[in-house]
Amino acid sequence: MTQFSLALSGLGGQGIMTVSQILAAAAGREGVRVLLFEGTGISQRGGGVFGFVRLGDFSNPKIPLNGAEALISLELSEVASIFAFLKPGGEVWINAARIPGYYSKLRPELYPPEGKILDLIRLKTPRVRFIPADRLAREAGSAQAVNMAMLGAFIRRNPLFSKESLIWAIEESNKKFAEKNTNAFRRGFDFVQTEETPE
Amino acid sequence: MTGHPLDSFFAPLAVAFAGSVKPGKIGFELIRNMKEGNYEGEIYPINPAGGDVLGYRVYPSVSALPGKIDLIVISLPHQAILDSLDQAGARGIKAAVVISSGFSEVGNDQAEKTLVETARRWGIRLIGPNCAGLMNPWARHFPSIEVRALPGYTALLTQSGALGGAALALAEERGFGFSKFISYGNRCDLGDIELLAYLADDPQTRAIVVYMEGVDRGREFLRAAKSASLRKPVVAIKAGRTRAGTRAASSHTGTMAGVDEVYNAAFRKAGILRVEGVEEMFDLCQAISHCPLPEGNKVAIVTNSGGPGILAADKAESLGLNVNEPSPSLVESLKPRLSPHASLKNPVDLTVESGYEEYAAALEAVLSEYDAAIVINVATPYLDSTGIARGVIEAAGRRRKPVLTSFMAGRIVKDAVGLLDEAQIVNLATGERCAFVLSKLTERTKILERSPFALLD
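All values derive from a computational prediction rather than experimental measurement.

**Student:** Any chance you could break down the overall build of chain A for me, citing the residues and the numbers?
**Tutor:** Of the regular secondary structure elements, chain A holds 8 helices and 6 strands. Seen in sequence order, chain A has helices and strands lined up from the N terminus as β-α-β-β-β-α-β-α-α-β-α-α-α-α. The C-alpha radius of gyration computed for chain A amounts to 16 Å, which stays within 12% of the reference 16 Å derived for 199 residues, consistent with globular compactness. For chain A, the spread of C-alpha atoms along the three principal axes comes to 45 × 35 × 35 Å.

Okay, structure coming up:
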């Protein structure tokens, strides 16, 4: 496999780290080198969280500026926190939901409108895709599984690992919620299947 | 070819030249530049006189040309331009460069308007008029009256053809190459905005330099610059800083040169790196092409001589770089490896007797703590500066951090500088110039790191 760098962001508790660990487990299963990096800050109080997943022959877990092939953001405005890492022309996957985090609860007027976020992304790439991951997760039986729905959607277009390896990794990561999580993953996966490439 | 609509300008397979074919005239010079540059596509001179020029058959009119033509370069007198554009349009040519002058720059707005209307009618995109042409050295494509550029990684986009030409001539002296050169003159159709967007996605271009006297569509320009500067460094040389400069600029390409401070603010917002002149631009672009970006602003200066080190430190600090002293643990690790007379501050002064080992050890150690280093070597004829260069190359190669050197000076360091060049380590005449370049690279890091919402208004 060639190299792939993925940056993820969201709010504390949304499961950024879980997604990273699932990708790492799938990488392990398929014999791909993987490095993880996480930034959690005040995540327990709803602050921003970001994570890097680097697949392939890397020695530094930190993605350089303009170095990520793709971004996944579990919350609309949180994409801003990892935007600097996006490679020009790369893919951006966003959960279309607005979830007020720590800062936007303090200063709600600062929360940027969706149009502005889109404007911003388009300075760097036309390839942006909004996924209604909140809805997909609810339909799968778990409002918590937004991260799994996003992962499924992303993997449909970026088959870094087989679906089987990912489902195995999801099941291994949490036995108790395995069914709901894999359901949400499949919903995300199938959602993209029926649509166009993010372009 | 990537299939971009502007590729016809930069990588055409056949080019027509409508203009004079007499030696010394612009039309002839364009063809000569193409021929001497070893262009591999087809060249079609056009002139009613017919005959041959430089071994190419001259065709009497655009309509008489054989085969498919991608680009037409026009250096005809006024009255003949429209007719030749019409013929080009009828032949399906979609790209034209108009070198000829005498349009809006001298108040002849009507002629320029007619020119644009004619081109639009045929769906032809125009560069010019009143320009010096363009170049793509990687494709050996030189439809320009200026000195042929060497292939490189910097694109030069210039409003003033002559300044562009002077920059190319200076670049040649320095062995500095370009990915693209475009003199866009009066920008009646394609100008800085469209070309910035093109260069932002051009794979051979690592840095874009814009020489400008004024902006006409400010908002669009800033958006194009923002978008481009997220992809690669955009460096601007803005002329007309002073009142004298402004006056001259307005009668040069006919644009209003605005208040300098407004430009500074706009450039900051757009993520543009501003330089004062051509020399600074070369220094910076050479570093952009070959150096990694620093992660922070801590710079170590390693030198074998006090004076030049202090000058570099002064300059670095005045430009906002952090020239703090090394930590106690770094000092401890340096001590046993350097001369007992060495000064373990910043600059780290290795003293004059230091060679390969001291330089390699000191540079390796400081790079573990600092974000970047300036290495100065004032050569003495009895010490081997090539050994020092090797030490620097080895230590710099172990980390992805910017290392700039200033090996002084002239003949006695020629071989050492040759080695540094080969290793793609930028060597500049003084430590101060290294400090300037580092300050701009640090600014570049900040541009990429800044809050993305700072990009929007």
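**Student:** So what's going on with the pattern of salt bridges? Residues and values would help.
**Tutor:** Two side chains that carry opposite charge are able to pair once their charged atoms sit near each other. One pass over the structure, following the stated rule, counts 28 salt bridges over all chains. Measuring nitrogen to oxygen at the nearest pair gives 2.9 Å for the salt bridge that ties Arg135(A) to Glu139(A). Taken as a pair, Arg135(A) and Glu139(A) lie in helix H5 (residues 133–139) at a separation of 4 residues, close to a single helical turn. The class for Glu139(A) is partly exposed, based on a relative accessible area of 37%. Across the pair Asp216(B) and Arg187(B) runs a salt bridge, and its minimum N-O distance is 3.7 Å. Of the two residues, Asp216(B) is situated in the loop between strand S11 (207–212) and helix H7 (218–231) and Arg187(B) in the loop between strand S10 (177–183) and helix H6 (192–200); the sequence distance between them amounts to 29 residues. Asp216(B) gets classed as partly exposed once you look at its relative accessible area, which sits at 46%.

**Student:** So what's going on with the domain arrangement of chain B? Residues and values would help.
**Tutor:** Residue and element names in this part refer to chain B. Domain annotation for chain B reports domain 1 (1–129), domain 2 (146–290) and domain 3 (293–446). Using only C-alpha atoms to locate each centre, domain 2 and domain 3 end up separated by 30 Å. When the area that domain 2 buries against domain 3 is broken down by residue, the three leading residues are Leu273, Asp283 and His290, summing to 39%. Joining domain 2 to domain 3, the criterion identifies 2 salt bridges. Two residues, Arg433 and Asp283, come together in a salt bridge whose shortest N-O distance is 2.7 Å. Counting across the interface, domain 2 meets domain 3 through 5 residue pairs in polar contact (both at pLDDT 80 or more). Taken together, the elements giving at least two residues each to the side of domain 2 that touches domain 3 come down to H7, strand S13 (272–275) and helix H10 (278–290). Considering every element that reaches the side of domain 2 that touches domain 3, the biggest residue donor is H10, with 8 residues. Partitioned by chemical class, the residues of the side of domain 2 that touches domain 3 number 8 nonpolar, 3 polar and 7 charged.

**Student:** Requested: an account of the interface of chain B and chain A, with residues and values cited.
**Tutor:** Counting residues at the interface gives 13 residues for chain B, matched by 16 residues for chain A. Where chain B meets chain A, there are 4 residue pairs in polar contact (both at pLDDT 80 or more). Contributions of two or more residues to the side of chain B that touches chain A are made by H7 and helix H16 (431–449) of chain B. Here the element with the most residues in the side of chain B that touches chain A is H7(B); it accounts for 5 residues. When its residues are assigned to classes, the side of chain B that touches chain A shows 6 nonpolar, 2 polar and 5 charged.

**Student:** Tell me about the confidence of the model for chain B, and please be specific about residues and values.
**Tutor:** Model confidence for chain B is summarised by a mean pLDDT of 92, while 95% of its residues fall at 70 or above. Element-level mean pLDDT values for chain B span from 62 in helix H8 (residues 243–252) of chain B up to 98 in strand S5 (residues 71–74) of chain B.

**Student:** Describe helix H11 (residues 306–318) of chain B, naming the residues involved and giving the relevant values.
**Tutor:** Residue and element names in this part refer to chain B. Spanning 13 residues, H11 covers 18 Å between terminal C-alpha atoms, matching the ideal 18 Å at 1.5 Å per step. Residues Pro308, Gly309, Ala312, Ala313 and Ala316 constitute the buried set of H11. Viewed along the axis of H11, the buried residues span an arc of 135 degrees, placing them on a single side of the element. For H11, the exposed residues set more than 90 degrees away from the buried face come down to Glu317 and Ser318. Buried residues belonging to H11 abut strand S14 (299–303), strand S17 (372–378), strand S18 (403–408) and H16. Gly320 occupies a position one or two residues after H11 and carries a positive phi of about 90 degrees.

The rules we used
Residues numbered from 1 in each chain as written. Chains lettered and ligands numbered in written order. Predicted model: local features only at pLDDT ≥ 70, side-chain atom pairs only at ≥ 80, totals over all residues. Heavy atoms only, no water. Helix = DSSP H or I, 4+ residues; strand = E, 2+ residues; numbered from the N terminus. Rg over C-alpha atoms; globule rule 2.2 N^0.38 Å. Salt bridge = Lys/Arg side-chain N within 4 Å of Asp/Glu carboxyl O. Buried < 20%, exposed > 50% of the residue type's maximum accessible area, 1.4 Å probe, protein only. Domains from an automatic or database assignment. Buried area = accessible area lost by both parts, 1.4 Å probe. Polar contact = N/O pair within 3.5 Å; in protein donor to acceptor, adjacent residues only side chain to side chain. Nonpolar A, V, L, I, M, F, W, Y, C, P; charged D, E, K, R; others polar. Contact = heavy atoms within 4.5 Å. pLDDT = per-residue confidence, 0-100. Expected span 1.5 Å × (residues − 1). Arc of directions from axis to C-beta.

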